[in-house]
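Examining the three-dimensional arrangement
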Amino acid sequence: MTSVLVTNIGELVTWDDERPVLRDAALVMEHGKVIWIGDRTQAPDADAVRDVSGAAVIPGFVDSHTHLVFAGDRSAEFEARMAGRPYEAGGIRTTVAATRAATDEQLAANVARHVTAMRAQGTTTVEIKSGYGLTVRDEARSLAIARQVTEETTFLGAHVVPDDTEVAAYVDLVTGPMLEACAPHARWIDVFCEKGAFGADEARTVLGAGQAAGLQPRVHANQLGPGPGVQLAAEVGAASADHCTHLDDADVAALVDSGVVAGLLPGVEFSTRSPYPDARRLIDAGVTVALATDCNPGSSYTSSMPFCIALAVREMGMTPLEALWSATRGGAFSLRRDDVGNLAVGAKADLVVLDAPSYVHLAYRPGVPLASPLSS
Ligand SMILES: [Zn+2]
């Protein structure tokens, strides 16, 4: 059996230029790719037929920002924060200690558990960062473990400066032996450019070294306050500047002019009880916006893209259609991928079926498990 006709689709979201959303539609896939989309009544024959009974079908979510390689949890920190203590970047060190103490098998099992949970909620492409090892050995094994489940791996040795280490010495390590050990397992390089982590000059050095080693840059930018992260992302031609919570007009203009994708991570603002980024302002200015979970044990321990869509609609001024676009096609732009995050002819057949007649239900019925990948 090679070709499969998926039919009786009540609403099909493809992001095809001509036909982004179709009603009463069908789709044919073969060898893992979409080969036909159109009206149900005009569908060609195929070797097998799947009738989805009027359900909506969307592209699988592209989660373009996660930190899945870690051990331990920080529920006590979350509980304290909900009782009024502010979030500080230094909490990362708690997870670093637990991650270093874990075996490869434990870390791989944690990653597998989270990826399985993501897939069950409709995520079919995931980016995974290192950043809880902060030694040559622990960063390299984190990336090797992530590589077992995704091509989209990101070296984030410059997540936080380890205790008892000078910033300059640590940047030398990150851009020297650590980069050398990590580059073979990574596609991307990232840096936490933030007060309390890495300043603009250090971040520029880290990203430049990564680029020289063949990695493409992305930046954690403007999360906890105003800062140079977004401008640096534009300067180095980063694929994305993620967080973008505190932006001035020049930052927004830099995103527009450079084409850097703004990755918004509303699980963080939810989990840290902080003001959300202004997605409406970015979209109206012409910025490409991606939505991602930032799944990590400190500031956003959710692996649910539908939850992020609901937050984006309720709290960030996005329409349901914009939020779905950002969680699929926007994520693909963030990862510079054209084969995922859409269901146009030629794309990967990463179909997600909703237990609902429309994508609108993702935000309209928050917390309800509506999305599941079409098992082939
Ligand atoms: Zn992050």
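The shown structure was predicted, so the numbers you read here are calculated from the model rather than taken from an experiment. (Residues numbered from 1 in each chain as written. Predicted model: local features only at pLDDT ≥ 70, side-chain atom pairs only at ≥ 80, totals over all residues. Heavy atoms only, no water.)

1. Points about the overall build of the protein chain
Where we set the bar: Numbering of helices and strands runs from the N terminus, with a helix taken as a DSSP run of H or I at least four residues long and a strand as a DSSP run of E at least two residues long. A radius of gyration in this sense is built from C-alpha atoms; the matching globule rule multiplies 2.2 Å by the number of residues raised to 0.38. Whether two residues are in contact is decided by their heavy atoms: any pair within 4.5 Å suffices. Using the Shrake-Rupley algorithm and a 1.4 Å probe, accessible areas are obtained, with residue cover drawn only from the displayed protein chains. Charged residues are defined narrowly, with Lys and Arg counted positive, Asp and Glu counted negative, and His plus the chain ends left uncounted. Every charge is mapped onto a representative atom, which is NZ of Lys, CZ of Arg, CG of Asp or CD of Glu.
When its secondary structure is counted, the protein chain shows 14 helices and 16 strands. Against the compact-globule benchmark of 21 Å for 376 residues, the protein chain has a radius of gyration of 20 Å, which places it among compact chains. For the protein chain, the proportion of contacts with a sequence separation of at least 24, taken over those separated by at least 6, is 69%. When the accessible area of the protein chain is evaluated, it comes to approximately 14,600 Å², of which 51% is carbon and sulfur surface. Here the protein chain holds 29 positive side-chain charges and 47 negative ones, and the gap between their average locations is 3 Å.

2. Quick look at the packing of helix α6 (residues 200-212) against helix α7 (residues 229-236)
Quick reminder of the rule: Throughout, an axis means a line fitted to C-alpha atoms (over the contacting stretch in the case of helices), and angles, computed between N-to-C directions, take values from 0 to 180 degrees. Roughly parallel covers angles under 35 degrees, roughly antiparallel covers those over 145, roughly perpendicular covers 65 to 115, and oblique covers all other angles. Throughout, a crossing is termed right-handed when the near helix is turned clockwise from the far one, and left-handed when it is turned anticlockwise from it by less than a right angle. Asp, Glu, Lys and Arg are counted as charged, while Ala, Val, Leu, Ile, Met, Phe, Trp, Tyr, Cys and Pro are counted as nonpolar; the rest, among them Gly, fall into the polar class.
Following both chains from N to C, one finds α6 and α7 inclined at 30 degrees, their axes separated by 11 Å at the closest point. Classified by the angle between their axes, α6 and α7 sit roughly parallel to one another. Handedness of the α6/α7 crossing: right-handed. Packed against α6, whose contacting residues are Ala 200, Ala 203, Arg 204, Leu 207 and Gln 211, the element α7 presents Leu 232, Glu 235 and Val 236 at the interface. Taken together, the residues of the contact of α6 with α7 break down into five nonpolar, one polar and two charged.

3. Re the state of the cysteines
The criterion, for reference: By definition, disulfides here are pairs of cysteine sulfur atoms that lie within 2.5 Å.
Summed over the entire model, instances satisfying the criterion amount to zero disulfides. Residue Cys 308 stays outside any disulfide, its sulfur separated by 9.3 Å from that of Cys 295, the closest cysteine.

4. Notes on the coordination of the zinc ion
Defined as follows: The donor definition counts N, O and S atoms within 2.8 Å of each metal and applies 3.2 Å to Na, K and Ca; water is not among these atoms, so some sites may look incomplete. In short, tetrahedral needs four donors with all angles between 85 and 135 degrees, square planar needs four and octahedral six donors with opposite donors over 155 degrees apart and all other angles between 65 and 115, and whatever is left is irregular.
Bound to the zinc ion on the protein side are His 65 (NE2), His 67 (NE2), His 220 (NE2) and Asp 294 (OD), at distances that span 2.0 to 2.5 Å. Each of the four donor atoms bound to the zinc ion contributes to angles spanning 81 to 171 degrees, and the resulting shape is irregular. Considered as a linear motif, the donors of the zinc ion on their single chain read H-x1-H-x152-H-x73-D. Taken together, the residues His 65 in the loop between β6 (61-63) and α1 (75-82) and His 220 in strand β11 (residues 216-221) connect sequence positions 155 residues apart.

5. Considerations on the side chain of Ser 334
Selection rule: Polar contact is defined as a pair of N or O atoms within 3.5 Å, subject to the rule that within protein one atom must be able to donate a hydrogen and the other to accept it, and that residues adjacent in sequence are counted only when both atoms are side-chain atoms.
Here Ser 334 shows up in helix α13 (residues 329-334). At 2.7 Å, the side chain of Ser 334 and the side chain of Arg 218 are in polar contact.

6. Quick notes on the pattern of salt bridges
Put simply, the test is: A pairing counts as a salt bridge when a side-chain nitrogen of Lys or Arg comes within 4 Å of a carboxyl oxygen of Asp or Glu. Residue burial is assigned from relative accessible area. The probe radius is 1.4 Å, only protein chains are included, and a residue is buried under 20% of its type maximum, exposed over 50%, and partly exposed in between.
One pass over the structure, following the stated rule, counts 20 salt bridges. In this structure, Arg 23 engages Glu 11 in a salt bridge whose closest nitrogen and oxygen atoms are separated by 2.3 Å. One end of the pair, Arg 23, is in strand β2 (residues 21-30); the other, Glu 11, is in strand β1 (residues 3-13), with twelve residues separating them in the sequence. Judged by its relative accessible area of 55%, Arg 23 falls in the exposed class. Residue classification places Glu 11 among the buried residues on the basis of a relative accessible area of 3%. For Asp 338, the salt bridge goes to Arg 329, with nearest N and O atoms at 3.1 Å. Judged by relative accessible area, Arg 329 falls into the buried class, the value being 14%. Taken together, the salt bridges that share partners define one network made up of Asp 104, Arg 137, Asp 138 and Arg 141.

7. Some details on the packing of helix α5 (residues 167-182) against α6
Where α5 meets α6, the axes come as close as 10 Å, and the angle between the chain directions of the two elements is 10 degrees. Considering their axes alone, α5 and α6 lie roughly parallel with respect to each other. For the pair formed by α5 and α6, the contact residues are Val 167, Val 171, Val 174, Thr 175 and Leu 179 on the first element and Glu 202, Thr 205, Val 206, Ala 209 and Gly 210 on the second.

8. Quick word on the nonpolar core
Counted only if it meets this: In these notes, a set of buried Ala, Val, Leu, Ile, Met, Phe, Trp, Tyr and Cys residues joined through side-chain atoms within 4.5 Å is what counts as a nonpolar core.
Judged by nonpolar contacts, the single largest core of 70 residues is most densely connected at Phe 155 and Leu 255. With six residues, α5 is the single largest residue contributor to this core. Leaving out residues up to four positions away in the same chain, Leu 255 has contacts with Val 230, Ala 241, Cys 244, Leu 247, Val 260, Ala 262, Leu 282 and Val 287. Within the second largest apolar cluster, 19 residues are counted, among which are Leu 12, Ala 349, Val 353 and Leu 374.

9. Here we look at the sheet that holds strand β14 (residues 289-291)
Backbone hydrogen bonds are what pair the strands of a sheet, in a parallel or an antiparallel way. The criterion, for reference: In this description, strands pair whenever DSSP reports at least two bridges between them.
Pairing is parallel in the open sheet, where seven strands are placed in the order β8-β9-β10-β11-β12-β13-β14. Of all strands in the sheet, those with a lone pairing partner are β8 (128-129) and β14, marking the two edges. Note that strand β9 (residues 153-158) and strand β10 (residues 188-193) share three bridges and pair parallel. Across the sheet, the residue bridging to Ala 158 is Val 191, located in β10. On top of the sheet, α5 reaches β9 and β10; it is set at about 150 degrees to β9, its chief contact.

10. Brief notes about the packing of aromatic side chains
Selection rule: When the centres of two rings from Phe, Tyr and Trp lie within 6.5 Å, Trp using its six-membered ring, the rings pair. Their planes under 30 degrees apart give stacked, over 60 give edge-to-face, and anything left gives tilted.
Under the counting rule described, the total for this entry stands at five aromatic pairs. Seen in terms of ring centroids, Phe 70 and Tyr 132 are 6.3 Å apart; in terms of plane orientation they differ by 75 degrees. Their pairing is edge-to-face. Note that Phe 70 is positioned in the loop between β6 and α1 and Tyr 132 in the loop between β8 and α4 (136-147), a separation of 62 residues in sequence. Residues Phe 70 and Tyr 132 agree in their burial class; the two are buried.

11. Quick notes on the environment of Ala 43
Of note, Ala 43 is situated in the loop between β3 (33-39) and β4 (48-51). Separated by 37 residues in the primary sequence, Ala 43 and Val 6 have C-alpha atoms spaced 9.4 Å apart. For Ala 43, the contacting residues outside a window of four places in its chain are Leu 5, Ala 26 and Trp 36.

These values are about where atoms sit, not about what they do.
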